[in-house]
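Tertiary structure, described
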Amino acid sequence: AGRQAFGSGGRAREFEELGQYVQGHEDRTIGWKATERLRSPQVRVYNEERERTVLLVVDQRRPMCFGSRRAMKSVAAAEVAALSAWRALASGERVGGIVFNDTELVDIRPHRSQTQVLRMMHELVRLNHALTEGGDPPPATVTLNDALEAVLRRAKHDHLVVLVSDLDGAAEETRNLATRIAAHNDIIVVGIYDPLGASLIPQPGMVAVSGTERLKLPTHADFPEAFRGAFASRLEKWTDIFQALRVPVLPISTAVEPAAQLRDLFGRKLKPG
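Remember, it's a predicted structure, so these values are computed and weren't measured experimentally.

A short note on the pairing of strand β11 (residues 249-253)
Of all the five residues making up β11, four are buried; the element is thus mostly covered by neighbouring parts of the structure. Pairing of strand β8 (residues 186-193) with β11, which is carried by five bridges, proceeds in the parallel orientation. Considered in β11, the bridge of V189 is made with V249.

Okay, here's the thing in structure tokens:
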């Protein structure tokens, strides 16, 4: 007992017992070792499919407060989380979340209820609004890795973990944490990006702002290519890392409604990386 398989829709099933083979059983259910031992055809019997727990990990840190078209990255992340939460709940799954910004991490216990989903939406709105509050932002005390450590505490096994982030601050420890999570759970990474963040041609006087720091962008001819190269290199590195872990990466642009992008992505066969 306790061995896992996956049924239709990706839900887990528990191995229950061996049974006598009868015509019509699928070949893939045959227990060959048991058949050899008992000298008669045996099949693995599974109990009814049970619901899966979906854990949404949503980034609302300051680097997500950027957008050149339609919406900021933080807003696109919240939209993806809302779509995913309501879809999972409609499918009968338990839904929980870890919503975090630079100073706060909110851990929402998974439950199959509209109340819990609405609570997560409330926390997303609250942290999203905090990004545009006036005054100097407080020093960052929560990192992407802190959120992944919270995932490890919450998702012991058989969760579907959906990380919605721009992966700012990802480092070697991020790889280690993702490896530990993927050992006992399924993970999908929804990589939020802004087109201007992938390709930038600066105009005279254009500045980049990070907290209280302001940096005038160079306008020499080599800068746009160097900027694109740096973005592509970072994207390729993390795509390779997640691909090695067999973790699918779904790129979502801020410039297009996430629902349309998700329909397009899930309309294809989902491949790791």
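Quick word on the sheet that holds strand β4 (residues 53-59)
Note: strands within a sheet are paired through backbone hydrogen bonds, in either parallel or antiparallel orientation. Spatial strand order, β6-β5-β4-β7-β8-β11: six strands in an open sheet with mixed pairing. Unpaired on one side and paired on the other, β6 (105-111) and β11 mark the two borders of the sheet. Neighbour to neighbour, the strand axes of the sheet diverge by 15° on average, direction disregarded. Sheet topology places β4 next to strand β7 (residues 159-165); six bridges connect them, and they run parallel.

Digging into the nonpolar core
Residues L56, V95, M120, V190 and I192 are the most contacted members of the largest nonpolar core, which totals 31 residues. For this core, the leading source of residues is helix α2 (residues 73-90), giving eight residues. The contact partners of L56, leaving out residues within four places of it in the chain, are A81, S84, A85, V95, G96, G97, I98, M120 and V162. Core analysis: the next-biggest nonpolar cluster, separate from the first, contains 26 residues, L55, L167, A170 and F242 among them.

Some details on helix α8 (residues 258-266)
For α8, every residue scored as buried is listed here: P258, Q261, L262 and L265. Seen end-on, α8 carries its buried residues on one side only, within an arc spanning 100°. If you follow the buried residues of α8, they end up packed against α2 and β11.

Quick word on the confidence of the model for the protein chain
Looking at the protein chain, pLDDT values average 82 and 73% of them are 70 or higher. The low-confidence segment residues 1-10 (pLDDT under 50) makes 24 contacts with residues lying over four places distant or belonging to another chain. Below pLDDT 50 for its whole length, residues 269-273 participates in 12 contacts with residues either more than four positions away or in separate chains.

What about the packing of α2 against α8?
Look at α2 against α8: their axes get within 10 Å of each other, and the N-to-C directions meet at 60°. As far as their axial angle goes, α8 and α2 are oblique. As for the relative orientation of α2 and α8, their crossing is right-handed in sense. Across from A76, E79, V80 and L83 in α2, the residues of α8 making contact are P258, A259 and L262. Along the lines of polarity and charge, the residues of the contact of α2 with α8 split into six nonpolar, no polar and one charged.

Quick look at the pairing of β6
Here strand β5 (residues 94-100) pairs with β6 via five bridges, running antiparallel. Residue pairing across strands places F100 opposite L105, the latter belonging to β6. Hairpin connection from β5 to β6: four residues lie between these consecutive antiparallel strands.

Topic: the environment of S84
Topologically, S84 is positioned in helix α2. Separated by 175 residues in sequence, S84 and A259 place their C-alpha atoms 9.7 Å apart.

About the cut-offs
- Residues numbered from 1 in each chain as written.
- Predicted model: local features only at pLDDT ≥ 70, side-chain atom pairs only at ≥ 80, totals over all residues.
- Heavy atoms only, no water.
- Buried < 20%, exposed > 50% of the residue type's maximum accessible area, 1.4 Å probe, protein only.
- Helix = DSSP H or I, 4+ residues; strand = E, 2+ residues; numbered from the N terminus.
- Pairing = 2+ DSSP bridges.
- Axes fitted to C-alpha atoms, helices over the stretch in contact; angles between N-to-C directions.
- Core = buried A, V, L, I, M, F, W, Y, C linked by side-chain atoms within 4.5 Å.
- Contact = heavy atoms within 4.5 Å.
- Arc of directions from axis to C-beta.
- pLDDT = per-residue confidence, 0-100.
- Parallel < 35°, antiparallel > 145°, perpendicular 65-115°, else oblique.
- Left-handed = near helix turned anticlockwise from the far one by under 90°.
- Nonpolar A, V, L, I, M, F, W, Y, C, P; charged D, E, K, R; others polar.

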